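Notes for the structure review
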Amino acid sequence: MANIKDVAQRAGVSAATVSRVLNGRSPVAETRERVLAAVEELGYRPNVVARALRTARTRTLGLVVSDLRNPFFTELADAVEQEARRLGYSLIIGNAGESPEQQDDYIRTLLDRRIDGLMVSSAGTGSPMLSEAVDAGTPLVLLDRAVPGIAAPCVRAEGGAALTELAAHLAALGRRRPAVIVAPAGTPTGDERLARFRTALAAHGIALPPSRVGASPDPSPAGGRQVMRRLLATAEPPDAVLATDNLMALGALDELRARDLRVPADMALVAFDDVPWFAHLDPPLTAVAQPTEALGRAAVHTLLERIAGRPAGSVLLPARLVRRRSCGE
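Our subject in this report is the structure included herewith. The structure displayed is predicted, hence computed values, not measured ones.

**Remarks on the sheet that holds strand 2 (residues 90-95)**
Note on sheets: strands pair through backbone hydrogen bonds, and any given pair is parallel or antiparallel. Spatial strand order, 2-1-3-4-5-11: 6 strands in an open sheet with parallel pairing. Each edge of the sheet is formed by a strand with only one pairing partner; in this case those strands are strand 2 and strand 11 (315-318). Put simply, the sheet's adjacent strands are angled 20 degrees from each other on average, direction ignored. In this sheet, strand 4 (residues 140-143) lies alongside strand 3 (residues 117-120) in parallel orientation, the contact comprising 3 bridges. Following the sheet pairing, L118 is matched in strand 4 by L140.

**Brief notes about helix 3 (residues 29-42)**
Helix length check: helix 3 (14 residues) gives 20 Å between terminal C-alpha atoms against 20 Å at 1.5 Å per residue, within 8%. Looking at the buried residues of helix 3, the elements they touch are helix 1 (4-11), helix 2 (15-22) and helix 5 (71-86). Of the residues flanking the end of helix 3, it is G43, one or two places downstream, whose phi is positive at about 65 degrees.

**Topic: the pairing of strand 2**
Looking at chain direction, strand 1 (residues 60-65) and strand 2 are connected through 6 bridges and run parallel. The partner of L61 across the bridge, within strand 2, is L91. For the crossover from strand 1 across helix 5 to strand 2, the handedness is right-handed.

**What to know about helix 9 (residues 188-202)**
Since one α-helical turn is 3.6 residues long, residues separated by three or four positions face the same way. Spanning 15 residues, helix 9 covers 21 Å between terminal C-alpha atoms, matching the ideal 21 Å at 1.5 Å per step. Within helix 9 the residues assigned to the buried category are T189, G190, R193, L194, F197, A200 and L201. Viewed along the axis of helix 9, the buried residues span an arc of 135 degrees, placing them on a single side of the element. Set apart from the buried face of helix 9 by more than 90 degrees, the exposed residues are T199 and A202. For helix 9, the secondary structure elements touched by its buried residues are helix 8 (160-172), strand 6 (178-182), strand 7 (213-215), strand 8 (240-243) and strand 9 (268-272).

Rules used in this analysis
Residues numbered from 1 in each chain as written. Predicted model: local features only at pLDDT ≥ 70, side-chain atom pairs only at ≥ 80, totals over all residues. Heavy atoms only, no water. Pairing = 2+ DSSP bridges. Helix = DSSP H or I, 4+ residues; strand = E, 2+ residues; numbered from the N terminus. Axes fitted to C-alpha atoms, helices over the stretch in contact; angles between N-to-C directions. Expected span 1.5 Å × (residues − 1). Contact = heavy atoms within 4.5 Å. Right-handed = clockwise from strand over helix to strand, strands pointing away. Buried < 20%, exposed > 50% of the residue type's maximum accessible area, 1.4 Å probe, protein only. Arc of directions from axis to C-beta.

Structure, rendered in structure tokens:
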């Protein structure tokens, strides 16, 4: 069985350097990659228990996501796990199920497991245990959703440019009565997307009145279908709908099909959050795609900076508009 000296010899560095890399303290990327390659090649497995006793670290990270049923969060969790494992960390994942109470249960459990740091894509607008984690000095990174009052860096996509492009795209296609299905309802993320889209539409002389904005506490296909039903019942039904959640977009599509309304002939439909199978729908769904893999990597690296005691700020990565055929392209 390989030991730390074997890894050092294979990587061409000292045993102390190997130790620093495995504890997340190597500032040189090339050295870190060489050491990690040697660790993988030799199958080196450090004694986690002994190291935890020496360093007060377990090389375990925690991740709580708001809803694993949502394909975006499933892909995000996978990206986080892949990067954490590449850097020699284990990851424990909890699913809040869009429940602040369930989120607190997982945060409490993870803290009891002595994780080195925590990443949270918060359910709702936060929960008491988030504040307790910060107060206790636990390294914390928010992911995808900022939480008011929580002093922690947030890693998320910035959708302003993509929504501006979408507004121009819909205007060029003659869509003058857009509507929005907002999710998550009442959160900074959902409110920001709505405000950005409304501003972008106004630049083309297109209004987005409150009557054409709908929300549901249930971010699922059933919730999307319910909101679409309400939008279609208004005096001036929309001719385009942006659903700021991929599952609610599917529910909206289900309701349109149930009424024999055609996409895009009768209604344009766009989802915020792209998933691979949107390209295989009929018609293929236009979407705002978030850089899921890059978000996962950035979240892990930001958290490791905080664990190492170094300053780490929030990270914004650009989303992009993926044009397919659901708007009449």
